[in-house]
Amino acid sequence: MNGQKQTDTSKNLKAASVADYIVERLAAEGIDHCFGVAGDYVFPICDAVDSSAEVKWIGCSNELNASYAADGYARIRGAAMLATTYGVGELSAINGVMGAKAERSLVFHVVGMPSYQNQRLGKIAHHTLGDGIFGNFVDLSAKAACSHAVINPENCVIEMERVIAEARRNNQPAYIVVPSDYALSPIVSADVKPIVRRSNAAALQKAMAAIAERIKEAKSVVAFPAFTISRLGLQKQTQRAIEALGCPFVTTLMEKCLIDESHRQFAGMYVGAVSEKKTRQIVEGADLVLDLGGVNLNDITTAAYSGRFDLSRFITVGLNDVRMGDKVIPNVRLVDVLTELAELKTSFSPYRGTQQALAPVSGSPSDKIKMDALYPRYGAFLRAGDTVVLETGSSSLGVTPTIFPDGVRVEAQVLWGSIGWATPAAFGVALADPSRRTILITGEGSHQLTANDIGAMGRFGANVIVFVLNNQGYLIERALEENPDWTYNDLAPWKYAELPKALGCANWYTARVTTLGELDEAMKAARASKTGAYIEIIGEKMDMPPALAFAHGQLKSMYGDTP
């Protein structure tokens, strides 16, 4: 699904105004929906979307939710559009946009400013600091992006191409801001062609020669495909390259199911000291680690920095360069390296790992719901064609070690880890590809921040299956400190299973389950439902997955010792 359409020059886009041009040009990037919240300064952009035959307006409950939804959409489609008003709107969205930047999700953030006329006169206007200065927020929002532009009729065509090209180069957000009167003005045409990103031929040849030499010299090689592979839609190219090399490959929490876990070359998930013994030996003992895309070895993916790496053994193929120790070869695109690797001849005997089976489902129908019985049920519930969105916290740490069926896609915000991300992100994912069933697995602590977008799911027909684990508060926060009983980790006792009806999803299947038998029946009903489904799962306050329990014992490693 990920990928952009063939783009056109300004001569081929029939936009009458700047706002129309911005919307049509972003539609040419493969974007069919615009997430946002309306506001007077951004009305011209909203109007252009609403009158567009190519882009549909998707109103969200607030700007933060809209930015999370756009992030989820971009992970599937390759790019997304977010529209907010000046100041209050864009700043409400900035956390979600910054998370997209951290995890390389391409969101085009379009913001409507007060009119150029009022800016020029220095008028005191709403949504400002009352100082007559209108550039206060541009620098802030630009920091959440990799490229930005303040648009006017004269620079619109040229600046849009520059901003899009840089955003595509880095696969990170772009910030496009336009005064409201300029948005309604006719564009000044310019003969500018979209920038095509290619490797420098000599640099690519040099990089491949160096990689081939290192592979030839190595006694053992392991491939580490990074999360950026899925952002760019390069899963098939990556699989072909790994199969040509014949080496084992591993993933971290951020790459769960990037390639099917039944693949014979899959050597398991690497999570530092929490990894399976064989997986850890393969990674940490390899002569050469082929990092495809820039794997992120953070405190979460390494289980509190418990991995043992020799980074001199890494070759990192980034989006635009190749790094080997202190040597960097620039102007080399990841997709081109993957293509070349698929043609590389090696002398390795193809790695054949032990195919991992789905975890057995255990427990009696009358049993209370414990995590060791819950997570295998998720694995058994999932089917090819499902996209699973995991909330950061106990949900992602508990679910990701579970083997999933082939054809399942997983999205989680592991690095940025913004609480509440998953619910709106699941909404964006569902709209990005309605041919797949979207499954949201979240905890009630995260869910309380953004649950109001359940209403948007119902409004726009996003038939998500939602699992909310209710374990009386922020379990991950309880686990990440010495004393789990501080009152600030408690929550208001919502009646979660009643939320969909209250938020306008009257025809959804809903259930509140306390035993394994009730959960099993609810899962069957949810899978059979033709609408959305919402299941509240009652768990125990301190019943945590093994990875989280391990982290609880590694607090000094994660945060440093007390001075």
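Our subject is the structure that appears above.
Residues numbered from 1 in each chain as written. Predicted model: local features only at pLDDT ≥ 70, side-chain atom pairs only at ≥ 80, totals over all residues. Heavy atoms only, no water.

So, on to the nonpolar core. One recurring pattern in soluble globular proteins: nonpolar side chains tend to sit buried together. Core analysis: the largest hydrophobic core is formed by 79 residues, its most contacted members being Ile 22, Phe 35, Phe 108 and Phe 427. Top contributing element to this core by residue count: helix α16 (residues 422-432), with 8 residues. Residue contacts for Ile 22: discarding those within four places in its chain leaves Ile 45, Val 110, Ile 151, Cys 156, Met 160, Ile 176 and Val 178. (Core = buried A, V, L, I, M, F, W, Y, C linked by side-chain atoms within 4.5 Å. Buried < 20%, exposed > 50% of the residue type's maximum accessible area, 1.4 Å probe, protein only. Helix = DSSP H or I, 4+ residues; strand = E, 2+ residues; numbered from the N terminus. Contact = heavy atoms within 4.5 Å.)

What follows covers the packing of aromatic side chains. Overall, the coordinates contain 15 aromatic pairs when judged by the stated rule. In this structure an aromatic cluster arises from ring pairing among Phe 35, Tyr 73, Phe 427 and Phe 460. Lys 256 extends its terminal NZ or CZ atom over the ring of Phe 404, reaching a point 4.5 Å from the ring centre. The aromatic ring of Phe 381 is capped on one face by Arg 527, whose charged end is 4.5 Å from the ring centroid. (Phe/Tyr/Trp six-rings, centres within 6.5 Å; stacked < 30°, edge-to-face > 60°. Lys NZ or Arg CZ within 6 Å of the ring centre and 35° of its normal.)

Position of Ser 275 relative to the elements: it lies in the loop between β9 (266-269) and α12 (277-284). Residue Ser 275 is classed as buried on the basis of its relative accessible area, which comes to 12%. In this structure, the C-alpha to C-alpha distance between Ser 275 and Ala 547, residues 272 residues apart in sequence, is 9.6 Å. Contacts of Ser 275, omitting those with residues within four sequence positions, involve Met 269, Tyr 270 and Arg 280. A polar contact is formed between the side chain of Ser 275 and the backbone nitrogen of Val 271, at a distance of 2.6 Å. (Polar contact = N/O pair within 3.5 Å; in protein donor to acceptor, adjacent residues only side chain to side chain.)

Once their charged atoms are close, side chains differing in charge can pair, the charge on each being opposite to the other. Within this structure, the stated rule accounts for 18 salt bridges. Close ionic contact of Asp 71 with Arg 75 constitutes a salt bridge, the shortest N to O distance being 3.0 Å. Taken together, the residues span about one helical turn, with Asp 71 and Arg 75 both in helix α3 (residues 63-77) at a distance of 4 residues. In terms of burial, Asp 71 and Arg 75 fall into one category: buried. Residue Arg 162 is joined to Glu 159 by a salt bridge in which the shortest nitrogen-to-oxygen separation is 2.8 Å. Of this pair, Arg 162 and Glu 159 are both found in helix α7 (residues 156-170), 3 residues apart, which corresponds to roughly one turn of the helix. For Arg 162, a relative accessible area of 36% translates into the label partly exposed. Several salt bridges converge on common partners, so that one network encompasses Asp 71, Arg 75, Glu 103, Arg 231, Arg 409 and Glu 411. (Salt bridge = Lys/Arg side-chain N within 4 Å of Asp/Glu carboxyl O.)

Its place among the elements puts Ser 180 in helix α8 (residues 180-183). Take Ser 180: its relative accessible area is 15%, and that puts it in the buried class. One polar contact links the side chain of Ser 180 to the main-chain amide nitrogen of Ser 115, over a distance of 3.4 Å. When near neighbours in sequence (up to four residues on either side) are disregarded, Ser 180 contacts Tyr 41, Pro 44, Met 113, Pro 114 and Ser 115.

With that settled, the discussion passes to the sheet that holds strand β3 (residues 80-85). Pairing is parallel in the open sheet, where 6 strands are placed in the order β2-β1-β3-β4-β6-β5. In the strand order of this sheet, the two ends are held by β2 (56-59) and β5 (147-150), each with one partner. In this sheet, adjacent strand axes meet at a mean angle of 20° when their direction is disregarded. Relative to β3, α3 is tilted by about 165°, and along the sheet it contacts β1 (33-36), β3 and β4 (107-113). Sheet strands in contact with helix α4 (residues 88-102) are β3, β4 and β6 (174-179), and its direction is about 150° off that of β3. (Pairing = 2+ DSSP bridges. Axes fitted to C-alpha atoms, helices over the stretch in contact; angles between N-to-C directions.)

So yeah, pure geometry; function would need other evidence.
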